[in-house]
Amino acid sequence: MVGFILKFLLTAIITYVLANFLPGAHIAGFSDAILLVIVLAVLNAVLKPILKLLGFPITVLTLGLFLLVINAAIVMIADALLAGFSVDNFLYALLFSVVLSVVTSIVDMVVD
């Protein structure tokens, strides 16, 4: 349980720093970063499997690169749902999702 809370807080901190550091991504405060992590987790659990299933033929044709588009779409949906978070366009959402995935993976390896 402590590991889960630690990962959650670290992901919120990373999200807050990335949104302030990367161009095109804006976040109002740390509480919005916590909400963003929750919304992204719910969207990844509920909507992402459906999008992966629907986009499977395109994913095969692009050798898996379409999954990056799905991740960026999830970030754009989170942008639409949260007032305190915004991304300027699709390319910034793609950049945000890729950097967030890489940094979160590194943190997960360190914490586990």
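Just so we're clear, the structure is a prediction, and the values are computed from it rather than from any experiment.

Student: In this structure, what is going on with the packing of helix α1 (residues 2-21) against helix α5 (residues 90-111)? I would like to understand it.
Tutor: When two helices pack together, their arrangement is given by the angle between the helix axes and the distance between those axes. Contact geometry for α1 and α5: axes closest at 10 Å, N-to-C directions at 150°. Crossing of α1 over α5 shows right-handed handedness. Counted together, L6, K7, L10, T11, I14, T15, L18 and A19 of α1 and F96, V99, L100, V103, T104, V107, D108 and V111 of α5 form the full contact between these two elements. The residue makeup of the contact of α1 with α5, split by class, is 11 nonpolar, 3 polar and 2 charged.

Student: Before we go on, may I ask you to explain the layout of surface pockets in this structure?
Tutor: The method is simple in principle: a probe with the dimensions of a water molecule rolls over the atoms, and the space it marks as empty is what remains. The calculated volume of the largest pocket comes to roughly 470 Å³. Lining of the largest pocket is provided by 19 residues; of these, T11, L40, N44, L100 and T104 occupy positions nearest its centre. Sorting the residues of the lining of the largest pocket by element identifies α1, α2 (30-54), α4 (66-81) and α5 as the ones contributing at least two each. Partitioned by chemical class, the residues of the lining of the largest pocket number 8 nonpolar, 8 polar and 3 charged.

Student: In this structure, what is going on with the UniProt feature "transmembrane region" (unreviewed entry) in the protein chain? I would like to understand it.
Tutor: Mapped onto this structure's residue numbering, the UniProt feature "transmembrane region" (unreviewed entry) falls at residues 29-47, 54-78 and 90-111. Secondary structure content for residues 29-47 is 95% helix and 0% strand, and the end C-alpha separation is 26 Å. Taken end to end, residues 54-78 is 80% helix and 0% strand, and its two terminal C-alpha atoms sit 20 Å from one another.

Student: Is there a simple way to think about the nonpolar core in this case?
Tutor: Burial of nonpolar side chains together is a common tendency in soluble globular proteins. Core analysis: the largest hydrophobic core is formed by 22 residues, its most contacted members being L36, L40, V75, F85 and F96. Looking at this core, the elements with two or more residues in it are α1, β1 (25-27), α2, α4, β2 (85-87) and α5. Among the elements that take part in this core, α2 stands out by supplying 5 residues, more than any other. If we skip the residues at most four places from it in the chain, L40 touches I74, V75, A78 and L100.

Cut-off values and rules
- Residues numbered from 1 in each chain as written.
- Predicted model: local features only at pLDDT ≥ 70, side-chain atom pairs only at ≥ 80, totals over all residues.
- Heavy atoms only, no water.
- Axes fitted to C-alpha atoms, helices over the stretch in contact; angles between N-to-C directions.
- Helix = DSSP H or I, 4+ residues; strand = E, 2+ residues; numbered from the N terminus.
- Left-handed = near helix turned anticlockwise from the far one by under 90°.
- Contact = heavy atoms within 4.5 Å.
- Nonpolar A, V, L, I, M, F, W, Y, C, P; charged D, E, K, R; others polar.
- 1 Å grid on protein atoms, 1.4 Å probe; cavity = no way out; pocket = protein on both sides within 12 Å on 5 of 7 lines; lining within 4 Å.
- Points joined across faces, edges and corners; volume = space filled by probe spheres on them.
- UniProt positions renumbered as here; feature names shortened; annotations may be inferred.
- Core = buried A, V, L, I, M, F, W, Y, C linked by side-chain atoms within 4.5 Å.
- Buried < 20%, exposed > 50% of the residue type's maximum accessible area, 1.4 Å probe, protein only.

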